[in-house]
Amino acid sequence: MNAPTTSLPGGTWTLGDATVTRFGYGAMQLAGPWVMGPPADHDGALAVLHEAVASGITHIDTSDAYGPRVTNELIREALHPYPESLFIATKVGAVRDAQGGWPTARRPQDLREQVHDNLRSLGVETLDLVNMRMGDAEGPKPGSLAEAFGTLADLQREGLIRHLGVSNATTEQVAEARGIAPIVCVQNMYNLAHRHDDDLIDRLAADGIAYVPFFPLGGFTPLQSDVLSKVAARLRATPMSVALAWLLRRSPNILLIPGTSSAAHLKENIVGAGLSLSDEDMADLETIGR
Ligand SMILES: NC(=O)c1ccc[n+]([C@@H]2O[C@H](COP(=O)([O-])OP(=O)(O)OC[C@H]3O[C@@H](n4cnc5c(N)ncnc54)[C@H](OP(=O)(O)O)[C@@H]3O)[C@@H](O)[C@H]2O)c1
């Protein structure tokens, strides 16, 4: 499992025993509206996944809860048998209810079931990376993750998981997890306008642990900021390009997983993330979210 070189912006990062492109792809948008049910355009969804791999991306983020099962099954349909270089990250800790809600499910038996669901829907014997998702839709919540994360560490020892991470987690939970088993990444919400994790990112970088921001483009509510628009206009680029390029420059341990249901947007985002930001641009962007 190796991608030692890449022409994608940002180069590569080592996640445990794997080298992945820092420019990755988040598959959540491939499911139907509000991440429920199948996509309106099945072939279009497969085309996005083919484009991702054709462009050299080796890191895809997913979850069996997306759809549910929909994005994992699309990934399997499009890409299985998987290229040796492809690293698929998934997450557990929530399931879906009939209304499209995301009820938490973190008892040991829940987590075992979710890991087996992911193995089945992705069609693999070992999951490359499982993030223990904490908190809820409103964000991280305090409280011990020892029982839940300990269950994933057991499943790792049983050979079902290669690497572990935590998601939607507080700084205390990240530290608690690291006391139980090594983690290769933290996946939390972070973007130009939501910078609560600035200190955490720097500490993880010093320890060689990746930080994978979800909602890098603002998620369901696109990033909006006068400063961002001004910098984008100066560079004759889109605000999305600036937001992605800023993340790549913010810290070497940041891995991008922007989501899109469009192959054209994916191509735009790859080009956009390669935008060169001057010190003046960085200084202006620094005023956002402060
Ligand atoms: N751990 C967690 O709790 C958690 C939570 C949420 C998400 N995630 C992961 O993080 C990934 C990224 O988050 P996200 O997909 O929700 O949000 P995002 O990457 O911040 O934004 C995705 C949105 O931006 C739009 N978009 C992307 N590129 C565009 C372009 N070039 N032009 C115009 N619109 C564009 C997409 O619409 P189009 O489809 O029209 O391009 C989509 O609506 C997800 O895919 C998922 O894997 C993890």
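Look a little higher up for the structure.
The structure presented is a predicted model; accordingly, all values stated were derived computationally and were not measured. (Residues numbered from 1 in each chain as written. Predicted model: local features only at pLDDT ≥ 70, side-chain atom pairs only at ≥ 80, totals over all residues. Heavy atoms only, no water.)

Enquirer: Break down the overall build of the chain for me, with residues and values.
Expert: Looking only at helices and strands, one finds 10 helices and 9 strands in the chain. Taken against the 2.2 N^0.38 rule, which gives 19 Å for 290 residues, the C-alpha radius of gyration of the chain at 18 Å falls within 12% of a compact globule. If you line up the chain on its principal axes, its C-alpha atoms span 55 × 40 × 40 Å. The buried share of the chain, taken over its 290 residues, is 54%. Element-wise, carbon and sulfur atoms account for 52% of the exposed surface of the chain, whose accessible area totals about 12,400 Å². In the chain, 23 side chains carry a positive charge and 34 a negative one; their mean positions are 2 Å apart. (Helix = DSSP H or I, 4+ residues; strand = E, 2+ residues; numbered from the N terminus. Rg over C-alpha atoms; globule rule 2.2 N^0.38 Å. Buried < 20%, exposed > 50% of the residue type's maximum accessible area, 1.4 Å probe, protein only. Areas by Shrake-Rupley, 256 points an atom, 1.4 Å probe, with all protein chains shown as cover. Lys, Arg positive; Asp, Glu negative; His and termini not counted. Charge placed at Lys NZ, Arg CZ, Asp CG, Glu CD.)

Enquirer: Give me the lowdown on the nonpolar core, citing residues and values where you can.
Expert: Of all hydrophobic cores here, the largest spans 77 residues; its most connected members are Tyr25, Leu152 and Val166. A per-element tally of this core places helix 8 (residues 239-250) first, with 7 residues. The residues contacting Leu152, other than those within four sequence positions of it, are Val92, Leu111, Val115, Val130, Asn131, Met132, Ile161 and Leu164. One finds Trp13, Val20, Val184 and Cys185 within the second-largest nonpolar core, a separate group that totals 13 residues. (Core = buried A, V, L, I, M, F, W, Y, C linked by side-chain atoms within 4.5 Å. Contact = heavy atoms within 4.5 Å.)

Enquirer: A description of helix 2 (residues 70-79) should follow, citing residues and the corresponding values.
Expert: Within helix 2, 7 of the 10 residues are buried, which leaves the element mostly enclosed by the surrounding structure. Considered for burial, the residues of helix 2 that qualify are Val70, Thr71, Asn72, Leu74, Ile75, Ala78 and Leu79. The inward-facing, buried residues of helix 2 abut helix 1 (42-54), strand 4 (59-61), strand 5 (87-92) and helix 3 (108-122).

Enquirer: Residues and numbers for the packing of aromatic side chains, please.
Expert: Applying the stated criterion across every chain yields a total of 6 aromatic pairs. Residues Trp34 and Phe220 carry aromatic rings whose centres are separated by 5.1 Å and whose planes lie at 35° to one another, so their mutual orientation is tilted. Of this pair, Trp34 sits in the loop between strand 3 (25-26) and helix 1 while Phe220 sits in the loop between strand 9 (210-211) and helix 7 (226-234); the two residues are 186 residues apart in sequence, bridging distant segments of the chain. The exposure class assigned to Phe220 is partly exposed, which follows from its relative accessible area of 41%. Clustering of aromatic rings is evident, with ring pairs tying together Trp34, Phe214, Phe215 and Phe220. A cation sits over an aromatic face here: Arg96 above Trp102, 3.6 Å from the ring centre. (Phe/Tyr/Trp six-rings, centres within 6.5 Å; stacked < 30°, edge-to-face > 60°. Lys NZ or Arg CZ within 6 Å of the ring centre and 35° of its normal.)

Enquirer: Give me the lowdown on the pattern of salt bridges, citing residues and values where you can.
Expert: For the structure shown, the criterion picks out 17 salt bridges. The partner of Arg107 in a salt bridge is Asp110, and the shortest N-O contact between them spans 2.9 Å. With a relative accessible area of 48%, Arg107 lands in the partly exposed category. Under the relative-accessibility criterion, Asp110 is labelled buried at 12%. (Salt bridge = Lys/Arg side-chain N within 4 Å of Asp/Glu carboxyl O.)

Enquirer: Now, about the site of the ligand: what can you tell me, with residues and values included?
Expert: What surrounds the ligand is a group of 25 residues, the closest being Asp61, Arg133, Thr260, Ser261 and His265. Residue Pro216 places a main-chain N or O atom 3.2 Å away from an oxygen atom belonging to the ligand. Within the side chain of His265, a nitrogen or oxygen atom sits 2.6 Å from an oxygen atom of the ligand. Taken by itself the ligand offers 900 Å² of open surface, and the protein chains cover 86% of this. (Near = heavy atom within 4 Å. Polar contact = N/O pair within 3.5 Å; in protein donor to acceptor, adjacent residues only side chain to side chain.)

Enquirer: If you had to explain the sheet that holds strand 4 to someone new, which residues and values would you point to?
Expert: To summarise the sheet geometry, strands pair through backbone hydrogen bonds and adopt either a parallel or an antiparallel arrangement. Taken together, the 7 strands give an open sheet; going across it, the order is 3-4-5-6-7-8-9, and neighbouring strands pair in parallel fashion. Whereas interior strands pair on both sides, the edge strands pair on one side only; in this sheet they are strand 3 and strand 9. Pairing of strand 7 (residues 161-167) with strand 8 (residues 185-187) involves 3 bridges; the strand directions are parallel. Directly across from Val166, in strand 8, lies its bridge partner Val186. (Pairing = 2+ DSSP bridges.)

Enquirer: Got a sec to walk through the pairing of strand 1 (residues 12-15)? Specific residues and values, please.
Expert: The side chains of a regular strand alternate between both faces of the sheet. Here strand 1 shows a buried face lined by Trp13 and Leu15 and an unburied face lined by Thr12 and Thr14. In terms of strand pairing, strand 1 meets strand 2 (residues 18-21) through 4 bridges, oriented antiparallel. Within strand 2, the residue paired with Trp13 across the bridge is Val20. Hairpin geometry of strand 1 and strand 2 is characterised by an intervening segment of 2 residues between the two adjacent antiparallel strands and by a positive phi of about 60° at Gly16.

Enquirer: Which residues make up the environment of Ser85, and what values do they have?
Expert: When you line up the elements, Ser85 lands in the loop between helix 2 and strand 5. On the basis of relative accessible area, Ser85 is assigned to the partly exposed category, the value being 22%.

Enquirer: Describe the side chain of Thr260, listing the residues and the values that go with them.
Expert: Relative to the elements of secondary structure, Thr260 occurs in the loop between helix 8 and helix 9 (263-273). When its relative accessible area of 5% is taken as the criterion, Thr260 is described as buried. One polar contact links the side chain of Thr260 to the main-chain amide nitrogen of Ser262, over a distance of 3.0 Å. Not counting chain neighbours up to four residues away, the residues in contact with Thr260 comprise Tyr25, Gly26, Gln29, Leu30, Val48, His265 and Leu266.

Geometric values such as these leave the question of function open.
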